[in-house]
Amino acid sequence: MLNILVCVKQVPDVDQMKMDPETGTLVRAGVPAILNPLDANALAAAVTVKETWGGEITLITMGPPNAEAALRECLAVGADRAILVTDRAFGNADTLATSYSIVSAAKMYGSYDLIFCGKETLDGATGQMGAQLAERFDAAQVTSASLIKEIDEAKGTLTVERELETGIETLEVDLPCLFTMEKTHYPARIPNLKGKMRAKKAEIITVTADDIPGLDRGRIGDPGSPTKVPRMFPPVLPEPGVIIDEGSVEASVAKLFEVIKGV
Ligand code: FAD
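Please read these numbers as outputs of a predicted model, since none were measured by experiment.

Caption draft 1: Looking closely at the site of the ligand. By nearness alone, 28 residues border the ligand, and Lys9, Asp39, Ala93, Thr121 and Thr126 come closest of all. For the ligand, an oxygen atom lies 2.4 Å from a polar atom in the side chain of Lys9. Within the side chain of Asp39, a nitrogen or oxygen atom sits 2.5 Å from an oxygen atom of the ligand. Contact with the protein chains covers 80% of the free accessible surface of the ligand, which is 940 Å². Elements with a contribution of two residues or more to the shell around the ligand: β6 (56-62), α3 (95-106) and β8 (114-118).

What follows is the structure, encoded as structure tokens:
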């Protein structure tokens with residue numbers, strides 16, 4: 001049976017987020033949290049694999065306790081179990097510490113043949129997690145994966161298409177393999193009532209730093225994060241352009257020359 005892991009993140013709805021011009025920090029208060037949209041596509045890919053070749057889907061997220069809502073949303077559309085990695089000790093983590101923490105927790109619950117990630121998140125948007133997770137899971141990695149075409153469990157291989165600027169590339173890769181998914185063939189699944197009821201009642205496995213045997217505290221949270229953010233500021237937008245329309249080409253050109261000459 002295929003053991004499938006899907007990494008999902010709850011993110012603030014950035015369309016509704018503003019920056020405090022005084023402090024240069026993001027104002028998160030009152031901003032709704034949503035499932036990272038591309039993670040819904042990654043999950044849809046995993047559910048399609050499960051429907052076609054069988055398997056069990058484990059979800060994992062690292063985040064605050066309310067990230068449980070994102071996990072239940074995913075359980076409602078076909079995932080089987082969910083792990084929430086949450087602890088103040090994990091706070092202030094950069095991607096290096098985040099990937100270490102996620103993999104340390106995930107390994108407690110088994111090994112995985114397929115690992116699905118979104119391409120990037122709405123908020124951090126570094127796109128670094130996929131590569132870091134693949135390395136830590138000792139898995140092959142396929143970026144911009146668009147279609148899982150065939151899985152040969154006996155051989156331990158899989159055929160997958162990647163979307164490139166110049167066309168489609170078809171690869172055969174060994175398992176285990178991690179994908180950062182394109183959404184092309186995998187629209188987000190819509191939960192039905194039965195799925196929602198099941199998700200509401202499902203047990204969420206909660207993992208704290210103390211629960212992970214052998215976890216190196218120097219590699220998690222702030223102490224484990226070599227990336228520091230000294231300052232954040234909104235981009236300075238260029239002055240808006242001016243449309244010159246004096247009613248005729250001749251008059252508009254004359255006006256343009258006046259503007260250029262600074263009259
Ligand atoms: P990407 O690399 O863009 O994500 C790609 C994919 O990886 C996602 O689509 C998803 O499938 C998977 N993924 C990403 N994040 C997670 C996750 N958490 N759980 C499961 N799967 C995931 N963030 C905080 O929330 N709190 C903090 O206190 C905090 N402090 C930070 C301090 C520093 C110095 C820095 C640099 C970052 C901090 N962050 C914090 C942001 C945090 O490190 C990133 O959100 C996280 O590492 C993921 O990076 P990303 O959002 O760029 O993911």
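Caption draft 2: The arrangement of the environment of Asp15 in detail. Structurally, the position occupied by Asp15 is in the loop between β2 (10-12) and β3 (18-19). Taking C-alpha positions, Asp15 is 9.2 Å from Val31, a pair spaced 16 residues apart along the chain.

Caption draft 3: Looking closely at the sheet that holds strand β1 (residues 3-7). Taken in spatial order, the nine strands of this open sheet run β11-β10-β9-β12-β8-β1-β6-β7-β13, and their pairing is mixed. Edge positions in the open sheet fall to β11 (167-174) and β13 (204-207), since each of these has one partner strand only. Strand-to-strand, the axes of this sheet are offset by a mean angle of 30 degrees, without reference to chain direction. As paired strands, strand β9 (residues 140-152) and strand β10 (residues 157-164) are joined by six bridges and run antiparallel to one another. Among the inter-strand pairings, Ile151 is bridged to a residue of β10, identified as Leu158. Across the sheet, helix α1 (residues 37-53) is in contact with β1, β6, β8, β9 and β12 (177-181); its angle to β8 comes to roughly 155 degrees. The sheet strands contacting helix α2 (residues 68-75) are β6, β7 (81-85) and β13, and the helix crosses β7 at an angle near 165 degrees.

Caption draft 4: Expanded view of the pattern of salt bridges. The tally for this structure, following the rule as stated, stands at eleven salt bridges. Ionic pairing is found between Lys9 and Asp123, a salt bridge with its closest N-O pair at 3.0 Å. With Lys9 in the loop between β1 and β2 and Asp123 in the loop between β8 and α4 (129-137), the pair connects residues that are 114 residues apart, well separated along the chain. We classify Lys9 as partly exposed; its relative accessible area is 30%. The salt bridge involving Arg162 is made with Glu169; its shortest N-O contact spans 2.8 Å. Overall, Arg162 belongs to the buried group, its relative accessible area being 17%.

Calculation rules
- Residues numbered from 1 in each chain as written.
- Predicted model: local features only at pLDDT ≥ 70, side-chain atom pairs only at ≥ 80, totals over all residues.
- Heavy atoms only, no water.
- Near = heavy atom within 4 Å.
- Polar contact = N/O pair within 3.5 Å; in protein donor to acceptor, adjacent residues only side chain to side chain.
- Areas by Shrake-Rupley, 256 points an atom, 1.4 Å probe, with all protein chains shown as cover.
- Helix = DSSP H or I, 4+ residues; strand = E, 2+ residues; numbered from the N terminus.
- Pairing = 2+ DSSP bridges.
- Axes fitted to C-alpha atoms, helices over the stretch in contact; angles between N-to-C directions.
- Contact = heavy atoms within 4.5 Å.
- Salt bridge = Lys/Arg side-chain N within 4 Å of Asp/Glu carboxyl O.
- Buried < 20%, exposed > 50% of the residue type's maximum accessible area, 1.4 Å probe, protein only.

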